[in-house]
Amino acid sequence: MASEGRRYQRLSRSHFGLNGTASLWLGDDHLLQVVSRGGWEQYRRWFFRDIQALIARHNAARLIWNFVVGLGGLLIGMGAILVLNAPSTTPGERAGLVIVGTIMGVIAVVFLAVAIANTLLGPSCTVYVQTPLGAEKLSAPGRIAVFERIVERLRPHLETAQAQPGTTGLRDVGAAFDQAPNP
Amino acid sequence: MTAELEGSGLRDRTFRCPKCSQELDPAATDPTGSLQCLRCLSVLSVALFPAFDTPPKEVSTASGETAGEGEAVCFFHPEKRAEVTCARCGRFLCALCDMPLGDRHVCPKCLDTSKMPELANGRFVGAYFSMLLGVIPVILFPISAGCFYLLPFVGGGAIAAGVASWNKPGSLVHGRRHGMAVVGIIGGVLQLLGVAGMVSAMIYSFKHGK
């Protein structure tokens, strides 16, 4: 069973969301999306021959996160300055204010670091896989730069698979089951 | 019954904006590979592959050629000529019954996750569950100590899940997670020891009237 893990190569790091942690993997003949929530893993496959296009729609997630995190860091930082400059009557009170102000300052710095990292990671996006049955949204990746790396990595596999002669595209499974007699 | 192609824009070599479903022409892509939807103003980065230009083979119940004298016939349709064999059970299949999975061909009966576990669409990873049960109460001990009467069940559950998952199939991409199971078992043991310690302390203080 340990050999199962070696069949797949990771395409994107884990992307945290409300539905769980999502990641993309490259299989022998298909693209695999894994969404993990608690102990449950859900799999979604797209075979190379069925993938017509990969589409990344630029979104404002990065700006929104920067605004929220930056504003939070700014408010906490201002609070830290106020606390550190607050008047105190006893040494013990002064020590307490310094401790609280320092903790708030550290939190503000962390928020600022998160905002800077979010900016450096580049524009955010939502990725879709286009197949003959339409476009399906992927839970990962969330960055344009990662999307472009994934496309470059997938392109030789898709072009090889789609250049092979033989049956291509999706088949209507329903008709086959309707027609197949019971053994 | 034919394969559903409506809404894909495939025949006109267009595709739809994923946000507003407006039909878009890939020829309008700029040199950087970006395309803007004029209806919702979404900016799209599009990567097209050869399958975009090749419509899928249309399939209907009439698919497959009629078998001639002496020719191999489909297992499910004796009047149709066999074209491939099922990679799993070896049955002869006509064009309609052929279920292509990448480079493999399987029959409709074998296209079943109970027979082909590699096609399963979900899996419970017991080792990961064991680690969650074992680690979270230990990390949040000040909180979990207030609910110590639940710790025997949580800790026992972590140990049981870790042991039960040891020889079971693990994650499809990560394989068996023995390390997680070990962490979960250790966390469960720590929880049980913590409960035993707390109960012992309570009994001791009760006996000595403190």
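Residues numbered from 1 in each chain as written. Chains lettered and ligands numbered in written order. Predicted model: local features only at pLDDT ≥ 70, side-chain atom pairs only at ≥ 80, totals over all residues. Heavy atoms only, no water.

A. Summary view of the nonpolar core. Counting residues in each nonpolar core, the largest one holds 23 residues, and the members touching the most others are Leu11, Leu31, Ile51, Leu54, Val129 and Leu154 of chain A. Elements represented by at least two residues in this core include exactly β3 (20–26), β6 (53–58), β7 (125–131) and α4 (144–163) of chain A. It is α4 of chain A that provides the largest number of residues to this core, a total of eight residues. Aside from chain neighbours lying at most four places away, what touches Leu54 of chain A is Tyr128, Val129, Phe147, Val151 and Leu154 of chain A together with Ser45, Val46, Ala47 and Phe49 of chain B. One finds Phe47 of chain A together with Leu93, Cys94 and Met99 of chain B within the second-largest nonpolar core, a separate group that totals 15 residues. (Core = buried A, V, L, I, M, F, W, Y, C linked by side-chain atoms within 4.5 Å. Buried < 20%, exposed > 50% of the residue type's maximum accessible area, 1.4 Å probe, protein only. Helix = DSSP H or I, 4+ residues; strand = E, 2+ residues; numbered from the N terminus. Contact = heavy atoms within 4.5 Å.)

B. Representation of the pattern of salt bridges. Residue and element names in this part refer to chain A. What the rule picks out here adds up to four salt bridges over all chains. Arg44 is the salt-bridge partner of Glu136, the closest N and O atoms lying 2.6 Å from each other. Here Glu136, found in strand β8 (residues 134–137), pairs with Arg44, found in strand β5 (residues 40–47); they are 92 residues apart in sequence, far enough to count as distant. For Glu136, a relative accessible area of 25% puts it in the partly exposed group. Taking relative accessible area as the criterion, Arg44 reaches 33% and is therefore assigned partly exposed. (Salt bridge = Lys/Arg side-chain N within 4 Å of Asp/Glu carboxyl O.)

C. Seen up close, the packing of helix α3 (residues 151–164) of chain B against helix α4 (residues 178–207) of chain B. All names here are of chain B. One can describe the packing of α3 onto α4 by two numbers: an axis separation of 8 Å at closest approach and a directional angle of 155°. Comparing their axes, α4 and α3 come out roughly antiparallel. Every pair of crossing elements has a handedness; the one defined by α3 and α4 is left-handed. For the pair α3 and α4, the contacting residues are Leu151, Pro152, Val154, Gly155, Gly156, Ala158, Ile159, Gly162 and Val163 in the first and Ala181, Gly184, Ile185, Gly188, Val189, Gln191, Leu192 and Val195 in the second. Taken together, the residues of the contact of α3 with α4 sort by class into 11 nonpolar, six polar and no charged. (Axes fitted to C-alpha atoms, helices over the stretch in contact; angles between N-to-C directions. Parallel < 35°, antiparallel > 145°, perpendicular 65-115°, else oblique. Left-handed = near helix turned anticlockwise from the far one by under 90°. Nonpolar A, V, L, I, M, F, W, Y, C, P; charged D, E, K, R; others polar.)

D. Here's a closer look at the domain arrangement of chain A. Its domain assignment divides chain A into domain 1 (9–59 + 124–177) and domain 2 (61–120). Between the C-alpha centres of domain 1 of chain A and domain 2 of chain A the distance comes to 41 Å. (Domains from an automatic or database assignment.)

E. Structural view of the sheet that holds β7 of chain A. The sheet built from five strands is open, its strands ordered β8(A)-β7(A)-β6(A)-β4(B)-β3(B) with antiparallel pairing. Of all the strands in the sheet, the pair left with one neighbour each is β8 of chain A together with β3 (34–36) of chain B. Across the sheet, the axes of successive neighbouring strands diverge by a mean angle of 30°, strand direction being ignored. Each of β6 and β7 of chain A together with β4 (43–48) of chain B is contacted by α4 of chain A, which is oriented at about 175° to β6 of chain A, the strand it contacts most. (Pairing = 2+ DSSP bridges.)

F. Spatial organisation of the pairing of β5 of chain A. One ladder, built from eight bridges, connects strand β4 (residues 30–37) of chain A with β5 of chain A; its direction is antiparallel. When the bridges of β5 of chain A are listed, Arg37 of chain A appears paired with Trp40 of chain A. Between β4 of chain A and β5 of chain A, which pair antiparallel in sequence order, lie two residues; one of them, Gly38 of chain A, sits at a positive phi of approximately 65°. The sheet contact formed by β5 of chain A and strand β9 (residues 122–124) of chain B spans three bridges and is antiparallel. Note that in β9 of chain B the partner of Glu41 of chain A across the bridge is Arg123 of chain B.

G. Representation of the packing of aromatic side chains. Enumeration over the complete set of coordinates arrives at three aromatic pairs over all chains. Each ring, one from Trp40 of chain A and one from Phe124 of chain B, has its centre 5.2 Å from the other, and the planes form 55°; the classification is tilted. Highlighted residues: Trp40 of chain A in strand β5 and Phe124 of chain B in strand β9, drawn from two different chains. Accessibility expressed as a relative area gives 53% for Trp40 of chain A, which makes it exposed. Through pairs of rings, three or more aromatic residues link up here, namely Trp40 of chain A together with Phe124 and Phe129 of chain B. A cation over an aromatic ring shows up here: Arg91 of chain B above the ring of Phe75 of chain B, its NZ or CZ 4.5 Å from the ring centre. (Phe/Tyr/Trp six-rings, centres within 6.5 Å; stacked < 30°, edge-to-face > 60°. Lys NZ or Arg CZ within 6 Å of the ring centre and 35° of its normal.)

H. Structural detail: unusual backbone geometry. The linkage connecting Ala140 of chain A with the following residue, Pro141 of chain A, adopts the cis geometry, with an omega of 0°. The topology assignment puts Pro141 of chain A in the loop between β8 and α4. We note that Leu41 of chain B has phi near 65°; this positive angle belongs to a residue other than glycine.

I. Up close: α3 of chain B. The terminal C-alpha atoms of α3 of chain B lie 19 Å apart, and with 14 residues this matches the ideal 20 Å at 1.5 Å per residue to within 8%. Residues of α3 of chain B that are buried in the fold lie against α1 (126–139), α2 (141–144) and α4 of chain B. (Expected span 1.5 Å × (residues − 1).)

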